[in-house]
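Spelled out from the first residue to the last, the chains are:
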Amino acid sequence: MSSEIKERYKNTLTRIDAACKNAGRDPSEITLVAVSKTKPDEDVLALVKEGQLHFGENRAKALETRMQNIEDESVQWHFIGNLQTNKIKYMAHRVNWIQSVHKKKALKEIEKRASREGRTINALIQVNISDEDQKSGCDPKDLEKILKYGQDLKHTRVRGLMGMATFTDDHDIVRPEFKLLKQLSDEHQHLNDGAVNLEHISMGMTNDFEVAIEEGSTMVRIGTAIFGERNY
Ligand SMILES: *Cc1c(COP(=O)(O)O)cnc(C)c1O
């Protein structure tokens, strides 16, 4: 089992390299977040052994359990799911990145909890870039006020944007959505005399990460291509 994962992982890294080459980009610009949701701890540990550092979960409870079970201090944990403000307290002691922040109220709660823990938590603002209603994220027109609020926080570092494209294999549908996120990042970069610094654009999943890399992604969130199909 773990040898299969190892092989799929290597294969995914090769595909990321190829996509970068194709787009004239350096693979070191891309952070791979391995999305381990629903998969057993052994699968995560197999990848930690291969040197994979970033892991993502989309449910607060699952993340909490995972952070408890995998004790490796070098691992960076990402929360990527729909963020309920009242769940932030369960992850603040260990989570490194919360990618799905879509309102000021969530930033305020992250700040409060991170401060109590004496920690700094990285945040990405999730923007709604597809018209599917089930996808969360802020409206692009609310981005500026959320970013301005975020820049004054002491224990929360807002480091970029995150988006999810329409779930489809059709590149003609996802490409303009990725372009929109990149454009929003460019427009809001250095807002307030440079105080806002959007280093990251988290976009691209198993179906579409090559397109996302072509369109300027710096962080890809990949589950299925690495861990295999999920059955839920
Ligand atoms: C599940 C999930 C992913 C990874 O999806 P795959 O298609 O399995 O690569 C990425 N981002 C978010 C927010 C997810 O929930």
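Residues numbered from 1 in each chain as written. Predicted model: local features only at pLDDT ≥ 70, side-chain atom pairs only at ≥ 80, totals over all residues. Heavy atoms only, no water.

The name that an unreviewed UniProt entry assigns to the protein chain is Pyridoxal phosphate homeostasis protein, with the source organism given as Rhodohalobacter sulfatireducens. Per UniProt, the protein chain has the following entry under Function (unreviewed entry): "Pyridoxal 5'-phosphate (PLP)-binding protein, which is involved in PLP homeostasis." (UniProt positions renumbered as here; feature names shortened; annotations may be inferred.)

(A) Inspection of the site of the ligand at higher detail. Taken together, Val35, Lys37, Ile80, Met164, Met205, Thr206, Arg221, Ile222, Gly223, Thr224 and Arg230 are the residues near the ligand. Between the ligand and Thr206 there is a distance of 2.6 Å, counted from an oxygen atom to a side-chain nitrogen or oxygen. Between the ligand and Arg221, the relevant distance is 2.9 Å, taken from a nitrogen atom to a side-chain nitrogen or oxygen of the residue. Surface burial for the ligand is 94%, taken as the share of its 390 Å² of free accessible area covered by protein chains. Residue composition of the shell around the ligand, by class: five nonpolar, three polar and three charged. (Near = heavy atom within 4 Å. Polar contact = N/O pair within 3.5 Å; in protein donor to acceptor, adjacent residues only side chain to side chain. Areas by Shrake-Rupley, 256 points an atom, 1.4 Å probe, with all protein chains shown as cover. Nonpolar A, V, L, I, M, F, W, Y, C, P; charged D, E, K, R; others polar.)

(B) Layout of helix α4 (residues 104-117). The end-to-end C-alpha separation of α4 is 20 Å, in line with the 20 Å expected for 14 residues at 1.5 Å each. Along α4, the positions that sit buried rather than exposed are Ala106, Leu107, Glu109, Ile110, Glu111, Arg113 and Ala114. In this structure, the buried side of α4 is in contact with β4 (97-101), β5 (121-126), α5 (143-150) and β6 (156-162). Just past α4, the residue Gly118 takes up positive phi, approximately 65°. (Helix = DSSP H or I, 4+ residues; strand = E, 2+ residues; numbered from the N terminus. Expected span 1.5 Å × (residues − 1). Buried < 20%, exposed > 50% of the residue type's maximum accessible area, 1.4 Å probe, protein only. Contact = heavy atoms within 4.5 Å.)

(C) A look at the layout of surface pockets. Quantified by volume, the second largest pocket comes out at close to 170 Å³. The wall of the second largest pocket is formed by Leu147, Gly150, Gln151, Leu153, Thr156, Arg157, Val158, Arg159, Ala195, Val196, Asn197 and Glu199. Mapped by element, the contributors of at least two residues to the lining of the second largest pocket are α5 and β6. No other element matches β6, which puts four residues into the lining of the second largest pocket. Here the lining of the second largest pocket is built from residues that sort into five nonpolar, four polar and three charged. (1 Å grid on protein atoms, 1.4 Å probe; cavity = no way out; pocket = protein on both sides within 12 Å on 5 of 7 lines; lining within 4 Å. Points joined across faces, edges and corners; volume = space filled by probe spheres on them.)

(D) A look at the side chain of Arg94. Tracing the backbone shows Arg94 in the loop between β3 (76-79) and β4. Although Arg94 lies buried, it forms no salt bridge, and the closest oppositely charged side chain, Glu73, sits 4.7 Å away as judged by the N-O distance. Of the polar contacts made by the side chain of Arg94, one reaches the backbone oxygen of Val75; its length is 2.9 Å. (Lys, Arg positive; Asp, Glu negative; His and termini not counted. Salt bridge = Lys/Arg side-chain N within 4 Å of Asp/Glu carboxyl O.)

(E) Summary view of the packing of α4 against α5. Orientation of α4 relative to α5, taken along the N-to-C sense of each, is 15°, at an axis distance of 10 Å. Between α4 and α5, the angle falls in the class roughly parallel. Here α4 and α5 pass one another in a crossing that is right-handed. Between α4, through Lys104, Leu107 and Lys108, and α5, the contact on the second element is made entirely by Lys145, Ile146, Tyr149 and Gly150. Among the residues forming the contact of α4 with α5, the class breakdown is three nonpolar, one polar and three charged. (Axes fitted to C-alpha atoms, helices over the stretch in contact; angles between N-to-C directions. Parallel < 35°, antiparallel > 145°, perpendicular 65-115°, else oblique. Left-handed = near helix turned anticlockwise from the far one by under 90°.)

(F) Quick look at unusual backbone geometry. Here Thr38, not a glycine, exhibits a phi torsion of approximately 70°, which is positive. Accessibility expressed as a relative area gives 52% for Thr38, which makes it exposed.

(G) Up close: the nonpolar core. If you look at the biggest cluster of nonpolar residues, it comprises 61 residues, and the most contacted ones within it are Ile16, Phe55, Met91, Ile98, Val101 and Ile125. Val33, Trp97, Leu124 and Met219 belong to the second-largest nonpolar core, a separate cluster that totals five residues. (Core = buried A, V, L, I, M, F, W, Y, C linked by side-chain atoms within 4.5 Å.)

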